[in-house]
Amino acid sequence: MSYSIGKLLPVDGFKIIRNGELPRSFHRSLSHLYQPIVGRLAVSLYHVLISESDMVEGDQVQSHHTLMSYLSAPLDKIYEARGKLEAIGLLRTFRSIDEDQQAVYLYSVRPPFSPEEFFLDDMLSLLLHYELGKEKYERLQSRLLNARQTLDGFTEVTATFDEVFHNKMIETVQRETETIAKQQNHQPESRGPVASMDRVDFHWLNHALKKRMYPSEQILNGRNKKLIVQLATLYDLSNTELEKAVTWAIDENHYLVEEELKAACHDFMKEQKNDRQKDTALDRREKMKVENTSTNGTKEDQFIQMLEEISPRELLEDVSNGNRASEQDLKMIRDVMTEQGIEPGVMNVLVHYVLLKTDMKLSKPYLEKIASHWARKNVTTVRQAMNLAKAEHQKYQQWGKQKSQKRKNQKEEVIPAWFKQQEAPQHEKHEKQEAAQVNTDDIAARIKRLTNKGN
């Protein structure tokens, strides 16, 4: 939906109807569960609509000036908040034109989920988890949900529907239900976020699973279909990504494991975010290439360009003489990049710096501390990262002292070659020139090795 103020005018009328009874804990659900997702204005709009539905008599039509006055907000913001309530399943909106050619909206207010219902809804619970983070989410969940009776030592003996009702009776009820729905000519309402089943091509997904010799009917049952649609909508996944996520989450008995499916879809979302970050940095990298080409092209410029273009995986493999980077190190780097929003080139500088400062061993606390500092400083290029590392060297040295105290008597501290290019006393210049010659040769070798690897 495109939120345009032209779609809603202050003089447009509206009426309110209530659909269902509000649960006793609806205030708690709105403030603690829904508000982190939709925002304060949307929750305030919901409260106003509930209140007005109790106070307005009969079929009275009010203008949207009323909502603007109550909420002290412009109409475009109210329109945006209304869209959030619609998307999250708290409001349904209908539009008609009266005799004076004036638009009139009918707002059908839906009751929010109770905390128990909310945490059972996969899409809502994932949205809240994303907004709050794991620690706050779990603390809120334990606070709002009552302690339940443990089922240890019990075996479920609940009767199934098929055991109680005859199959013919089930078919009769289903036919009658379908006939009534057709006569009423409307779709049965469902609670929760609005997600279209057309979002996923289940015919294609069913065919893909059968090609892999999976029992697609067992995997794509009603419950799993709803979960797949919600995850596809939440993370904006393609059918190909969904196929990979679903096949990843199938266990040895050919059942779909919900938690593994959620984790796989979340990983695809992270990859998309990293790809978008790379795309936004592409223009800047291309500009840097042009700038480097137009200059004399010193070894340091070439090294900076290399760090801008290669991935952290390639850097790790380069410093380990071509050996494969460990999954643990890659996961550590991925987590720091995504949590702190660090550009890949800047991450390369950080990894290079930390490796040489910690005897070629990556330390996650040390990485995170420097990465958060660079994120606050809005460091986005390799050169900025190098300059900041030089300027804050003493501070970073203090941060690393706790890790390096055990190695006090070992060899002197190693720092990156690019870090050494600072002003030095006159008597050290000759030694630095010799060291620089070695370093530039090393840089040239790295560039050549990585270029050949890319080809």
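The rules behind the values
- Residues numbered from 1 in each chain as written.
- Predicted model: local features only at pLDDT ≥ 70, side-chain atom pairs only at ≥ 80, totals over all residues.
- Heavy atoms only, no water.
- UniProt positions renumbered as here; feature names shortened; annotations may be inferred.
- Helix = DSSP H or I, 4+ residues; strand = E, 2+ residues; numbered from the N terminus.
- Buried < 20%, exposed > 50% of the residue type's maximum accessible area, 1.4 Å probe, protein only.
- Contact = heavy atoms within 4.5 Å.
- Areas by Shrake-Rupley, 256 points an atom, 1.4 Å probe, with all protein chains shown as cover.
- Phe/Tyr/Trp six-rings, centres within 6.5 Å; stacked < 30°, edge-to-face > 60°.
- pLDDT = per-residue confidence, 0-100.
- Core = buried A, V, L, I, M, F, W, Y, C linked by side-chain atoms within 4.5 Å.
- Axes fitted to C-alpha atoms, helices over the stretch in contact; angles between N-to-C directions.
- Parallel < 35°, antiparallel > 145°, perpendicular 65-115°, else oblique.
- Left-handed = near helix turned anticlockwise from the far one by under 90°.
- Nonpolar A, V, L, I, M, F, W, Y, C, P; charged D, E, K, R; others polar.

Per an unreviewed UniProt entry, the protein chain carries the name Helicase DnaB and comes from Halobacillus trueperi. UniProt lists a comment for the protein chain under the heading Sequence similarities (unreviewed entry), and it reads "Belongs to the DnaB/DnaD family."

A.B. asks: Please set out the overall build of the protein chain residue by residue, giving values where relevant.
C.D. replies: Helix and strand content of the protein chain: 22 helices and four strands. Within the protein chain, the fraction of its 455 residues that count as buried is 38%. Across the protein chain, every contact between residues at least 6 apart in sequence was considered, and the portion connecting residues at least 24 apart equals 70%. When the accessible surface of the protein chain is summed, it comes to about 28,100 Å², and 49% of that surface belongs to carbon and sulfur atoms.

A.B. asks: A description of the packing of aromatic side chains should follow, citing residues and the corresponding values.
C.D. replies: As enumerated under the stated definition, the model contains five aromatic pairs in all. Pairing Tyr34 with Phe118 gives two aromatic rings, centres 5.2 Å apart and planes at 75°, and the pair type is edge-to-face. Here Tyr34 is found in helix H1 (residues 26-38), whereas its partner Phe118 is found in helix H5 (residues 115-120), with 84 residues between them in sequence. The pair formed by Tyr34 and Phe118 is uniform in burial state, with each residue classed as buried. Chaining the aromatic ring pairs together yields one cluster made of Tyr34, Phe118, Phe119 and Tyr137.

A.B. asks: How would you explain the environment of Asn224 if you had to name every residue and give the values?
C.D. replies: Position of Asn224 relative to the elements: it lies in helix H12 (residues 222-235). Judged by its relative accessible area of 6%, Asn224 falls in the buried class. Taking the C-alpha atoms as reference points, Asn224 and Leu256, 32 residues apart in sequence, are found 7.6 Å from one another.

A.B. asks: Give a detailed account of the confidence of the model for the protein chain, specifying residues and quantitative values.
C.D. replies: A low pLDDT score tells you not to read the predicted coordinates there in detail. Looking at the protein chain, pLDDT values average 75 and 70% of them are 70 or higher. Within the model, pLDDT remains below 50 along residues 1-5, and this stretch shows 11 contacts once partners closer than five positions in the same chain are excluded. Counted against residues more than four places away or in other chains, residues 278-295, with its pLDDT under 50, gives 17 contacts.

A.B. asks: Go over the nonpolar core, please, and point to the residues and values.
C.D. replies: Looking at soluble globular proteins, one finds that nonpolar side chains tend to be buried together. By size, the foremost hydrophobic cluster in this structure holds 41 residues, and its most contacted members are Leu33, Tyr34, Leu45, Leu49, Ile88, Phe118 and Leu128. Looking at this core, the element that brings in the most residues is helix H2 (residues 40-55), giving seven residues. Phe118 has contacts with Leu33, Tyr34, Ile37, Phe113, Leu124, Ser125 and Leu128, leaving out every residue within four places of it along the chain. Of all hydrophobic cores here, the second largest spans 35 residues; its members include Met332, Ile342, Tyr366 and Ala371.

A.B. asks: Can you break down the packing of helix H16 (residues 312-319) against helix H17 (residues 327-340) residue by residue, with the values?
C.D. replies: For the pair H16 and H17, interaxial distance at closest approach is 10 Å and the crossing angle is 140°. For the element pair H16 / H17, the angle class is oblique. Here the hand of the crossing between H16 and H17 comes out right-handed. Between H16 and H17, the residues in contact are Pro312, Arg313 and Leu316 and Asp329, Leu330, Ile333 and Met337, respectively. In terms of residue class, the contact of H16 with H17 is built from five nonpolar, no polar and two charged.

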